[in-house]
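Remarks on the overall topology
If you want the building blocks of each chain, they are given just below.
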Amino acid sequence: MWRGLLLKGTACLMQVAASRFLHQRHVSSQSLRLLAQRLLHRPAGAPSVLKPPSAGCFLAHTRARGYKKDAKSTVEFPASPITVTDIKLYLRSKDIPIHDGYSCLHIPSIFVDSSDRRDGFSLFVDKTTGQFLCMDTLVEGSWEDLQDCLEVMQKEEQDFLSPHVLLGYPESVEEQEEREWELREVQSIWSSSVPLTDIPEDEAQLIKTMFQITKISHATLKKFGVRLFKPTKSLVFPWFGGPESSLKGIKLLSAQRSDDEKVTYNEATVPKCSSYYNLFGLPLVGRLDSEVVVTGHELDTLAVSQATGLPSVALPRGVSCLPPILLPYLEQFKRVTLWLGGDIRSWEASKIFSRKLGLKRCSLVRPGEYQPCPVEALAQGKNLSRIIKASIPAAHKSIVSFKQLREDVYGELLNTDQVAGVKWTRFLELNRILKGHRKGELTVFTGPTGSGKTTFISELALDLCMQGVNTLWGSFEINNVRLAKIMLTQFAMQRLEENLEQYDFWADKFEELPLYFMTFHGQQNIKAVLDTMQHAVYLYDINHVIIDNLQFMMGQENLSVDKFAVQDHIIGVFRKFATNSSCHVTLIIHPRKEEDDRELQTASIFGSAKASQEADNVLILQEKKLVTCPGRRSLQVTKNRFDGDVGIFPLDFIKSSLTFSTPVKGKHKLRKVTIKPENEEEVEGKTAASKKEEVKKEKVEKATKTPKTPRPVKTAGD
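To start, this report covers the structure provided alongside it. The structure presented is a predicted model; accordingly, all values stated were derived computationally and were not measured.

Further remarks concern the sheet that holds strand β13 (residues 263-270). With respect to topology, five strands assemble into an open sheet ordered β9-β10-β11-β12-β13, the strand pairing being antiparallel. For this open sheet the edge positions go to β9 (194-195) and β13, each flanked by a neighbour on one side alone. Against the sheet, helix α8 (residues 298-308) engages β11 (234-241), β12 (246-257) and β13, with an angle of about 80 degrees to β11.

Next comes the structure, spelled out in structure tokens:
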């Protein structure tokens with residue numbers, strides 16, 4: 001199917017190029033066929049993502065009943081992972097000059113004539129993935145696409161290629177209709193919204209009070225193009241992009257005040273979040289600016305710009321993700337200050353994002369009582385310029401003193417609930433023991449064969465994913481379709497086989513989750529799996545990786561090596577990955593063979609003791625098998641490195657939704673328990689004692705009134 005779509009796209013490419021663009025640049029049809037053949041014979045793990053400025057999404061998508069196959073739902077890694085050394089060697093072999101940037105390599109654009117180039121090095125190549133972006137034409141693509149273009153240029157002896165040669169695959173009717181609907185929706189909302197200066201002053205002040213931006217001036221709001229959408233009382237933040245700086249999308253922000261007088265914000269984007277790549281405030285940044293403040297929210301960018309006058313941009317998805325596609329737009333800055341918010345989560349995200357941007361040029365604003373998020377700092381009358389100047393460098397030495405750790409320790413003591421991690425909503429008893437799900441930890445999970453390990457851990461991960469934890473699944477035991485079916489059933493809390501009319505509704509909601517799957521199945525090599533995990537962390541800022549299970553990665557290793565040594569090596573690799581990537585790794589390991597009537601222990605984990613030693617948490621799914629009914633299950637925490645609490649709690653399996661839940665206390669107790677006042681305890685004790693005495697007396701009286709009849713004595717004559 002994909003080959004057929006690619007052939008159609010190639011035919012379209014050659015026809016359009018012949019009729020529209022070949023009169024501009026004389027690129028032969030033979031070279032176009034060469035480019036098409038290279039695309040056709042490309043390895044399966046290297047998909048083409050060429051994007052000219054006028055096209056939306058280039059990968060062909062398959063639709064059935066409104067269902068769209070998202071290319072990002074599965075994570076693939078090229079057959080031969082690219083390195084920055086490989087990129088440099090190839091470019092130098094083509095005599096292309098290179099400028100080494102922070103996160104990208106800069107080369108002259110091959111899509112612009114040398115006489116028309118505004119900047120000598122306007123094409124940026126990502127050092128980690130090889131993905132490129134031309135800042136002059138906004139053409140982007142993969143490393144393999146750039147190689148194809150350079151080969152065609154060399155064969156044809158051309159100085160540059162027209163960007164229009166890089167046509168994507170033709171969109172399906174459904175995709176074209178969806179894209180047109182999104183553009184109409186964007187234009188409709190934008191044209192219906194009004195600047196705050198066009199509404200009465202009292203109404204404008206009410207809106208500002210609702211969003212807690214009373215200190216933000218009308219001039220700042222007008223400068224950034226912020227408007228008000230009256231039907232929903234929402235602020236509208238525009239996304240301008242492309243060669244002509246046209247309107248590409250919008251973000252709607254609504255505010256709600258809770259009972260404790262705290263304001264919660266709800267965001268909605270058009271297009272949807274996965275296609276929304278707006279660095280809010282970027283059009284106001286000058287080409288010669290060398291310093292920028294990166295925030296996690298549009299309102300924070302407004303506050304920084306107004307209070308300091310520094311260039312400031314807001315990330316499109318807040319602290320959850322920094323898409324690599326945005327890195328080229330931040331290459332021009334020699335100093336990047338990350339001020340993503342005022343809580344622990346924003347602090348952790350700042351440290352992760354600084355690795356992508358380059359540690360040497362990044363500085364971080366440490367959250368705290370006196371350094372809240374920018375919009376709150378402005379409302380409290382704090383000096384934002386002084387806070388930014390006091391930011392600490394992201395790069396650190398190998399040895400530190402307590403003086404450097406002092407503020408970090410105080411921050412953890414001040415925000416104990418946030419430090420504990422993300423709380424589960426479906427497993428409250430697990431919150432009581434583990435306190436939460438934390439980054440950088442390794443969890444080992446085991447249980448008897450057939451007890452439902454995969455089903456349970458899928459719901460556990462789904463619970464976190466629904467709260468915004470970017471999740472990557474590596475299921476080597478069951479295929480992704482079956483796993484996705486299980487998780488969708490758990491998400492909908494019902495069997496969709498019996499309610500097929502609701503499938504599209506739940507599938508659309510499920511598709512919005514930050515959930516990704518590896519395409520591996522069966523036995524795999526640890527290096528390929530690790531490369532994919534690192535690739536996913538870089539591209540999608542993955543916070544949680546599930547490996548199901550360890551034994552499937554041991555079959556590809558050297559058979560002459562001791563299997564326990566191989567397992568220890570794999571566990572060490574995952575431990576190092578979790579620490580260095582600030583990513584939680586959940587590793588499922590089968591137990592060694594035990595008697596059916598014996599409960600599993602930490603020592604029951606297959607292999608040596610390294611698994612339990614390296615793990616921060618050890619979870620065991622216990623199952624007590626019964627003859628007359630399904631076995632009773634419980635979850636036992638035998639290791640908790642965070643605070644040492646361990647324990648066990650029962651689980652009920654609900655077959656209709658494939659979910660586990662903690663049973664109600666006393667559910668299996670049939671006797672009725674009544675609560676009585678405290679002053680009745682003594683009276684009840686006395687009455688109980690008197691009743692016993694009366695019973696004894698009655699027994700004695702009966703014994704005296706009814707004398708026993710003597711038994712007849714047998715004689716010899718009888």
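Continuing now.
Along the polypeptide, Pro 271 turns up in the loop between β13 and β14 (291-295). When residues no more than four places from it in sequence are discounted, the contact partners of Pro 271 are Glu 182, Trp 239, Lys 248, Gly 249 and Tyr 276.

For the rest of this paragraph, the subject is the sheet that holds strand β7 (residues 132-134). Across a sheet, strands are paired by hydrogen bonds formed along the backbone, either parallel or antiparallel in direction. Judged by pairing direction, the sheet is antiparallel, and its five strands sit side by side in the order β4-β5-β6-β7-β8 without closing on themselves. Strands at the two margins of the open sheet, each flanked by one partner only, are β4 (99-100) and β8 (140-141). When β4 meets strand β5 (residues 104-107), the two strands line up antiparallel, connected through two bridges. Following the sheet pairing, His 99 is matched in β5 by His 106. Strands β4, β5 and β6 (123-126) of the sheet are contacted by helix α3 (residues 84-93), whose axis makes an angle of about 10 degrees with β5.

Turning to the pattern of salt bridges, a few remarks are in order. According to the stated counting rule, one finds 23 salt bridges in the structure shown. A salt bridge links Glu 331 to Arg 361; the shortest N-O distance between them is 3.8 Å. Placement of the pair is Glu 331 in the loop between β15 (312-314) and β16 (335-339) and Arg 361 in the loop between α9 (344-357) and β17 (362-364), with a sequence separation of 30 residues. We note that Glu 331, like Arg 361, is buried. Counted as one network, the salt bridges with shared partners bring together Lys 88, Asp 100 and Lys 127.

Glancing now at a nonpolar patch on the surface. On the surface, Val 400, Phe 402, Leu 405, Val 409 and Leu 413 cluster together into a nonpolar patch covering about 460 Å² of accessible area. Mapped onto the elements, Phe 402 comes out in helix α12 (residues 402-414).

Across all of its chains, the model carries 17 aromatic pairs by this definition. Ring geometry for Phe 211 against Tyr 265: centres 6.4 Å apart, planes inclined by 10 degrees, an arrangement best described as stacked. Residue Phe 211 is located in the loop between α6 (201-210) and α7 (218-223), and its partner Tyr 265 is located in strand β13; the two are separated by 54 residues in the primary sequence. Overall, Phe 211 belongs to the buried group, its relative accessible area being 0%.

Once that is clear, we can look at unusual backbone geometry. Here the residue pair Val 270 and Pro 271 is connected by a cis peptide bond, since its omega of 5 degrees sits within 30 degrees of zero. That bond from Asp 548 to Asn 549 is cis: its omega, 5 degrees, falls within 30 degrees of zero. Here Asn 549 lies in the loop between β22 (544-548) and α19 (563-581). Backbone geometry places Met 493, a non-glycine residue, at a positive phi of 60 degrees. Counting through the fold element by element, Met 493 comes out in the loop between α16 (480-492) and α17 (503-511). Overall, Met 493 belongs to the partly exposed group, its relative accessible area being 45%.

This paragraph deals with the pairing of strand β19 (residues 442-446). A large share of β19 lies buried, amounting to five of its five residues. Neither face of β19 is exposed, since Leu 442, Val 444 and Thr 446 on one face and Thr 443 and Phe 445 on the opposite face are all buried. Where β19 lies against strand β23 (residues 584-588), four bridges are found, and the strand directions are parallel. Of the residues in β23, the one forming a bridge with Leu 442 is Val 585. As paired elements, β19 and strand β24 (residues 617-624) share four bridges and run parallel to each other. Of the residues in β24, the one forming a bridge with Phe 445 is Leu 619.

The rules we used
Residues numbered from 1 in each chain as written. Predicted model: local features only at pLDDT ≥ 70, side-chain atom pairs only at ≥ 80, totals over all residues. Heavy atoms only, no water. Pairing = 2+ DSSP bridges. Helix = DSSP H or I, 4+ residues; strand = E, 2+ residues; numbered from the N terminus. Contact = heavy atoms within 4.5 Å. Axes fitted to C-alpha atoms, helices over the stretch in contact; angles between N-to-C directions. Salt bridge = Lys/Arg side-chain N within 4 Å of Asp/Glu carboxyl O. Buried < 20%, exposed > 50% of the residue type's maximum accessible area, 1.4 Å probe, protein only. Patch = residues over 30% accessible without salt bridge, like charges linked within 9 Å, V, L, I, M, F, W, Y side chains within 5 Å. Areas by Shrake-Rupley, 256 points an atom, 1.4 Å probe, with all protein chains shown as cover. Phe/Tyr/Trp six-rings, centres within 6.5 Å; stacked < 30°, edge-to-face > 60°.

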